[in-house]
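# Residue-level structural notes
What follows is each chain in one-letter form.
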Amino acid sequence: MEFLLTTLVMTVTPGTGVLYTVSAGLSRGPRASVVAAVGCTLGIVPHMLAAITGLAALFHTSALAFQTLKYLGVAYLLYMAWKTLRDQSALTADQDDGAPRSSARVIVDAVLLNLLNPKLTLFFFAFLPQFVPAGHPHAALRMVELSGYFMLLTFVVFAAYGRFAAAMRDHVIARPAVVTWLRRVFAGAFAALGAKLALS
């Protein structure tokens, strides 16, 4: 229960994944918000595997490895900010929700956002072992199980954020001034998250 409550607090707290899922819900509707939530959840898998196999220790001990991944994440967040600001078609009512190419792009961007976040690897490295007793005969399997709960909660929370944003979509896209303002807010938020990561 302690693990689930801590995980719930972490996933509900808005961050890069929530921001991206909300943006997808507003720009492309409910289907895209769920797709974005799936992508953000899939982006957790490499961090989980890194922590379980001990690769996270490399980032903990090697400043160069950590800094490299960190600045790749910063660069991608800044790219997302630029792309959001420049995309004049992002919040339009005639966007085709069913285009597979669009869904694939949403998933790729979501996975990369989480994949290039070194804090997620360090979080798993520091967080998971606290809930696995020392000398547990199946420690790796226990960490996989806990990671599964973490991913499930992440998906549910992110999808809820996205569906709520999608429900507000018609009210938003009917007001061009609000659309322009939201585009700038999302771009600024991505840039701010990049700056925060760079300075951390």
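Higher on the page you've got the structure.
In short, a report on the structure.

What counts as what
Residues numbered from 1 in each chain as written. Predicted model: local features only at pLDDT ≥ 70, side-chain atom pairs only at ≥ 80, totals over all residues. Heavy atoms only, no water. Salt bridge = Lys/Arg side-chain N within 4 Å of Asp/Glu carboxyl O. Helix = DSSP H or I, 4+ residues; strand = E, 2+ residues; numbered from the N terminus. Buried < 20%, exposed > 50% of the residue type's maximum accessible area, 1.4 Å probe, protein only. Patch = residues over 30% accessible without salt bridge, like charges linked within 9 Å, V, L, I, M, F, W, Y side chains within 5 Å. Areas by Shrake-Rupley, 256 points an atom, 1.4 Å probe, with all protein chains shown as cover. Expected span 1.5 Å × (residues − 1). Polar contact = N/O pair within 3.5 Å; in protein donor to acceptor, adjacent residues only side chain to side chain. Contact = heavy atoms within 4.5 Å.

## Overview of the pattern of salt bridges
- The full count for this structure, using the stated rule, is two salt bridges.
- Residue Arg105 is joined to Asp109 by a salt bridge in which the shortest nitrogen-to-oxygen separation is 2.8 Å. Highlighted residues: Arg105 and Asp109, both in helix α7 (residues 100-115), separated by four residues, approximately one helical turn.
- For Asp109, a relative accessible area of 2% corresponds to the buried category.
- The partner of Arg142 in a salt bridge is Glu145, with the nearest N and O atoms 3.0 Å apart. One end of the pair is Arg142 and the other is Glu145, both in helix α9 (residues 139-167) and three residues apart, which spans about a single turn.

## Concerning a nonpolar patch on the surface
- Among the surface-exposed residues, Met1, Leu4, Leu5 and Tyr149 lie close enough to one another that they form a single nonpolar patch of about 420 Å² accessible area.
- Mapped onto the fold, Met1 is located in the segment before α1 (2-12).

## Here's the deal with helix α2 (residues 16-28)
- Counted at 1.5 Å a residue, the expected span for α2 with its 13 residues is 18 Å, and the 18 Å between its end C-alpha atoms agrees.
- Among the 13 residues in α2, 13 count as buried, and that is most of the element.
- After α2 finishes, the residue Gly29 shows a positive phi value of roughly 100°.

## Quick notes on the side chain of Thr11
- Its location among the elements puts Thr11 in helix α1.
- We classify Thr11 as buried; its relative accessible area is 4%.
- In terms of polar contacts, Thr11 uses its side chain to reach the backbone carbonyl oxygen of Leu8, at 3.1 Å.
- Non-local contacts of Thr11, meaning those with residues more than four positions away in its chain, are made with Val18, Leu153, Thr154, Val157, Phe158 and Tyr161.

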